[in-house]
Amino acid sequence: MAQSAAPATPAAPAITPISLKAIAPWAAFVGVLMLVLLYFVGAEQGATSVVSGENVHEWVHDGRHLLGFPCH
């Protein structure tokens, strides 16, 4: 019985860090996207409306209440 019952575990690959220069454009894109979504959920109605009609309001109505924004 010279063989071991447990298989040898391979060495884990080294984790290379991602530089801030590589993350910055994606972070800016996600930040702008979140601000646009926040605008449409929270303020897209009435005098500040970019899109005419009630379509956007109806699409985000439940999300508006979920996030605590008043709408009616």
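The structure reproduced in this document is the subject of the present report. Residue positions are given per chain, counted from 1 along the sequence in the order it is written. Totals for whole chains, interfaces and linings use every residue, but because this is a predicted model, local features are given only for residues with pLDDT of at least 70 and side-chain atom pairs only at 80 or more, for both listing and counting. Calculation of side-chain values draws on the structure's entire complement of heavy atoms; hydrogens and water are dropped beforehand.

Remarks on the overall build of the protein chain
What counts here: Going along the chain from the N terminus, every DSSP run of H or I of four or more residues is numbered as a helix, and every run of E of two or more is numbered as a strand. Exposure classes here rest on a 1.4 Å probe applied to the protein chains alone. A residue is buried below 20% of its type maximum, exposed above 50%, and partly exposed in between. Here a residue-residue contact requires only that any non-hydrogen atoms of the pair lie within 4.5 Å. All accessibility values rest on the Shrake-Rupley procedure with a 1.4 Å probe; residue burial counts only the protein chains present in the view.
Each helix and strand in the protein chain was counted, giving three helices and zero strands. When the elements of the protein chain are put in sequence order from the N terminus, they spell out α-α-α. Within the protein chain, the fraction of its 72 residues that count as buried is 11%. Here the analysis covers contacts within the protein chain between residues at least 6 apart in sequence; of these, 23% occur between residues at least 24 apart. As displayed, the protein chain has an accessible area near 6500 Å², and 72% of this comes from carbon and sulfur atoms.

Quick look at a nonpolar patch on the surface
Definition in use: Two joining distances apply to patches: 9 Å for like charges and 5 Å for nonpolar side chains (Val, Leu, Ile, Met, Phe, Trp, Tyr), and every residue must have over 30% relative accessible area and no salt bridge. Salt bridge, as used here: a side-chain nitrogen of Lys or Arg that lies within 4 Å of a carboxyl oxygen of Asp or Glu.
Taken together, Trp-26, Phe-29, Val-30, Leu-33, Met-34 and Leu-37 make up a surface patch of nonpolar side chains, about 630 Å² in accessible area. The residue Phe-29 is located in helix H1 (residues 20-42) in this model. Note on Phe-29: relative accessible area 51%, which makes it exposed.

Re the side chain of Arg-64
Defined as follows: Within 3.5 Å is the distance limit for a polar contact, defined as a pair of N or O atoms, with the added protein rule that one can donate a hydrogen and the other accept it, and that residues adjacent in sequence qualify only through two side-chain atoms.
Positionally, Arg-64 belongs in helix H3 (residues 61-66). Here Phe-40 takes part through its backbone oxygen, which lies 3.5 Å from a polar atom of the side chain of Arg-64. If sequence neighbours within four positions are ignored, Arg-64 has contacts with Phe-40, Val-41, Gly-42, Glu-44, Gln-45, His-57, Phe-69, Pro-70 and Cys-71.

Side note on the packing of aromatic side chains
Inclusion rule: Pairing of aromatic rings covers Phe, Tyr and Trp, the last through its six-membered ring, and needs centres within 6.5 Å; plane angles under 30 degrees mean stacked, over 60 mean edge-to-face, and all others mean tilted.
Applying the stated criterion across every chain yields a total of two aromatic pairs. Here the aromatic rings of Tyr-39 and Phe-40 are separated by 5.5 Å at their centres, their planes lie at 65°, and the arrangement is edge-to-face. Its relative accessible area of 26% is what places Phe-40 among the partly exposed residues.

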